[in-house]
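Tertiary structure, described
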Amino acid sequence: MSITTVETQPIQGQKPGTSGLRKKTQVFMQRHYLENFAQAVFNAIGGAKGKTFVLGGDGRYFNDRAAQVILRMAAANGAKKVIVGQGALLSTPAASNLIRINKTDGGLIMSASHNPGGPDEDFGIKFNAANGGPAPESLTDKIFAETENISEYKMMEGHDIDLDAPGTTKLGDMEVEVVDPVADYAAMMEKLFDFDAIGQMIAGGFRIRFDAMCAITGPYAVEILENRLGAPRGTVVNRIPLPDFGGMHPDPNPVWAKQLMDEMWSAEAPDFGAASDGDGDRNMIVGRETYVSPSDSLAILAAHADSAPGYKDGLSGVARSMPTSQAVDRVAAKKGLDCFETPTGWKFFGNLMDAGHVNLCGEESFGTGSDHVREKDGLWAVLMWLNILAARKSSVGDLLAGHWKEYGRNYYSRHDFEGLDTAKATAMLDDLKGRLTGLKGSEIEGMTVAHADDFAYTDPVDGSVSKGQGIRIVFEDGSRIVMRLSGTGTTGATLRVYLERYVAGPDGLDRDAQEALAPVIRAAHQLADIERHTGRSEPDVIT
Ligand code: G1P
Ligand code: ZN
């Protein structure tokens, strides 16, 4: 087998976003596109020589081809070994776990997360470092710089490697170990959670519906929920991962997981519903006629994590992304836990977890996880919920209502305006940024602005500073508006408007969220003048 050095030129726009490089699949399939980026990753980490990596993806269209290319390039760059999920499949949290338990030098994950897949949809690649977590900004900056200077990449010529059966083969001098994508992950879950208690609850008639949305969590959920915990076959629906996710938009929220929501509001609704996304790191939790917002879910997990064996000694601290509601802050305050506020994106939690400051993190975007890996973890959140419900012998609805009664309720919603003209959306936020300092003390919709800024974060562990992480406008009554542009989209700009309002109770805790938030929503539109700048008066997606 021969190694060739292929001449290439920089390709514009290979800048990793909130979570790796994401582009239209057709873009990734262009000549040199994937190769340039993979070589840039290897260059940015100081070469692949002698290193061991993990490789896998969410099974979307082009996953199998991309895996073969990356393997050949890893071999050509002198890597010692690559551990690959069977069929080139791995959920993001399972990949993070494999990176950690095998003490590898990192891993390449092929996924565009919750974005649709297929020849005309999205593809993506991200590099995770040796701690199992997404590459920090310092590294993604280096990768981007490499893509801008690249002139050649290394490729091993040869046949495709058989990735369909577990076992070890060689590609040139490089070892390729194909592993069961589920086994190590499922074993870890059994250590963290009380499978006996959850199993007994299920045996006692507790019914679950898990919607894998034709994405990667199907095999994981079948093994854990059905095979190990004894839930009846059929508990996991849309269980076979498909290259186009069966045409589904594998984003677990009330809009895209409508099938599950309808089921949970039907006469035969099970006790517990959950869904996960394309690569298995997101989760949505639903009870019978009860939607649990991700921010509330995080707060509830913080309140009851010690029900689970893996967390029985309590939490070391918690962290949430800045736009996530402040519900978890209230639990942290009551329990005397440190509570950190980070920019959007899981990569910012890595340092806090590595340093032992926190072991529960969450984002409003349906992401929750702990330090068992360095990614958010959809099934982990589902099992944590099941463990808590089994321990407390409670329904989802009662647990949520009890939580609001104790802590008050942070009404919360996110409004997304998609496919905006990037220049116009940027101009709108720039305009608002220019007015922030003057906002303090002004009154709008009966609320007085207490504080307004463009969020900047100083990492308490390494001192690195991340600026421009979202505009926040906080009112004296604790209500809050946050605005930022998405860093994961592939077409135009997506404006995210995050809305929050706190009600202490005991009255007014079970209103419709949009209704309760109405004044805050109106204030957001007025402050940014969304319609004048973008021509849109209504969001495309409300979660
Ligand atoms: C979105 C979410 C963010 C999450 C990221 C990756 O990023 O808002 O919380 O970490 O996806 O799943 P955004 O598109 O807002 O940049
Ligand atoms: Zn994801």
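Everything quoted here is computed from the prediction, not taken from an experiment. (Residues numbered from 1 in each chain as written. Chains lettered and ligands numbered in written order. Predicted model: local features only at pLDDT ≥ 70, side-chain atom pairs only at ≥ 80, totals over all residues. Heavy atoms only, no water.)

1. Some points on unusual backbone geometry
Between Gly505 and the following residue, Pro506, the backbone shows a cis peptide bond with an omega angle of 5 degrees. The phi torsion at Phe62 lies on the positive side, around 85 degrees, for a residue other than glycine. Residue placement: Phe62 occurs in the loop between β3 (52–57) and α3 (63–76). Take Phe62: its relative accessible area is 11%, and that puts it in the buried class. Of note, Cys214 is a non-glycine position whose phi angle comes to about 55 degrees, a positive value. (Helix = DSSP H or I, 4+ residues; strand = E, 2+ residues; numbered from the N terminus. Buried < 20%, exposed > 50% of the residue type's maximum accessible area, 1.4 Å probe, protein only.)

2. So, helix α11 (residues 327–335)
Residues of α11 that are buried: Ala327, Val328, Val331 and Ala332. Down the axis of α11, the smallest arc covering the buried residues is 140 degrees, so these residues share one side. Within α11, the exposed residues directed more than 90 degrees away from the buried face are Ala333 and Lys334. Contact partners of the buried residues in α11: α10 (294–304), β15 (317–321), β16 (338–342), α14 (396–407) and β19 (409–420). Note on α11: the residue one or two positions beyond its end, Gly336, has a positive phi of about 70 degrees. (Arc of directions from axis to C-beta. Contact = heavy atoms within 4.5 Å.)

3. Brief notes about the coordination of the zinc ion (ligand 2)
Distances from the zinc ion (ligand 2) to its protein donors, namely Ser113 (OG), Asp277 (OD), Asp279 (OD) and Asp281 (OD), fall within the range 2.0 to 2.1 Å. For the zinc ion (ligand 2), the 4 donor atoms in the first shell make angles of 86 to 160 degrees at the metal, a pattern classed as irregular. We classify Asp277 as buried; its relative accessible area is 0%. (Donors = N, O, S within 2.8 Å, 3.2 Å for Na, K, Ca; no water. Tetrahedral: all angles 85-135°; square planar, octahedral: opposite > 155°, others 65-115°.)

4. Points about the site of ligand 1
Taken together, 15 residues form the shell around ligand 1, and within it Ser365, Ser486, Gly487, Thr488 and Arg496 come nearest. Note that an oxygen atom of ligand 1 is positioned 2.6 Å from one of the side-chain N or O atoms of Ser486. A distance of 2.6 Å separates an oxygen atom of ligand 1 from a polar atom in the backbone of Gly487. Within the complex, 98% of the 380 Å² of free accessible area of ligand 1 lies under protein. Counted by class, the shell around ligand 1 contains 1 nonpolar, 7 polar and 7 charged residues. (Near = heavy atom within 4 Å. Polar contact = N/O pair within 3.5 Å; in protein donor to acceptor, adjacent residues only side chain to side chain. Areas by Shrake-Rupley, 256 points an atom, 1.4 Å probe, with all protein chains shown as cover. Nonpolar A, V, L, I, M, F, W, Y, C, P; charged D, E, K, R; others polar.)

5. Details of the environment of Arg435
Here Arg435 shows up in helix α15 (residues 422–439). It is 53 Å that separates the C-alpha atoms of Arg435 and Phe206, two residues lying 229 residues apart in sequence. Residues within four places of Arg435 in sequence aside, it is in contact with Leu527 and Ala528.

6. Looking at the sheet that holds strand β24 (residues 471–475)
Strands sit in the order β20-β21-β24-β25-β26-β19-β27 across an open sheet of 7 strands; the sheet is antiparallel. Looking at the sheet topology across the chains shown, the edges are occupied by β20 (443–444) and β27 (541–542). Looking at chain direction, strand β21 (residues 447–454) and β24 are connected through 5 bridges and run antiparallel. The residue bridging Ala452 from the neighbouring strand is Ile473, located in β24. Of the strands in this sheet, β19, β21, β24, β25 (480–485) and β26 (493–503) are in contact with α15, which crosses β24 at around 40 degrees. (Pairing = 2+ DSSP bridges. Axes fitted to C-alpha atoms, helices over the stretch in contact; angles between N-to-C directions.)

7. So, the sheet that holds strand β5 (residues 107–110)
The mixed open sheet is built from 7 strands, whose spatial order is β2-β6-β5-β3-β4-β9-β8. At either end of the open sheet lies a strand with only one pairing partner, and these are β2 (21–24) and β8 (167–171). Sheet twist, expressed as the mean angle between neighbouring strand axes with direction ignored, is 20 degrees. Across 5 bridges, the pairing between β8 and strand β9 (residues 174–179) is antiparallel. Of the residues in β9, the one forming a bridge with Thr168 is Glu177. Across the sheet, α3 is in contact with β3, β4 (81–89), β5, β6 (122–128), β8 and β9; its angle to β4 comes to roughly 170 degrees.

8. Points about the packing of helix α4 (residues 92–101) against helix α6 (residues 183–192)
In a packed pair of helices, the relevant descriptors are the angle between the two axes and the axis-to-axis distance. With their axes 9 Å apart at the nearest point, α4 and α6 run at an angle of 85 degrees to one another. By the angle between their directions, the pair α4 and α6 is classed as roughly perpendicular. When α4 is examined against α6, the residues Pro93, Ala94, Asn97, Leu98 and Ile101 are found in contact with a partner set consisting of Asp184, Tyr185 and Met188. Within the contact of α4 with α6, the residues separate by chemical class into 6 nonpolar, 1 polar and 1 charged. (Parallel < 35°, antiparallel > 145°, perpendicular 65-115°, else oblique.)

9. Focus on the pairing of β3
Counted residue by residue, β3 has 6 buried out of 6 residues, so it is predominantly covered. Direction of pairing for β3 relative to β4: parallel, over a ladder of 5 bridges. What sits directly across from Leu55, in β4, is Val84. Viewed along the sheet, the connection from β3 through α3 into β4 turns out right-handed. (Right-handed = clockwise from strand over helix to strand, strands pointing away.)

10. Some details on the environment of Gly287
The residue Gly287 is located in strand β13 (residues 283–287) in this model. Sequence separation of Gly287 and Thr147 is 140 residues, and the distance between their C-alpha atoms is 46 Å. If we skip the residues at most four places from it in the chain, Gly287 touches Met264, Asp271 and Val396.

11. Concerning the nonpolar core
Phe193, Phe272, Trp380, Ile473 and Ile481 are the most contacted members of the largest nonpolar core, which has 105 residues in total. Other than its neighbours up to four places away in sequence, Ile473 contacts Leu432, Leu436, Leu439, Val449, His451, Ala452, Ser479, Arg480, Ile481 and Leu527. Of all hydrophobic cores here, the second largest spans 45 residues; its members include Val69, Val84, Met155 and Val176. (Core = buried A, V, L, I, M, F, W, Y, C linked by side-chain atoms within 4.5 Å.)

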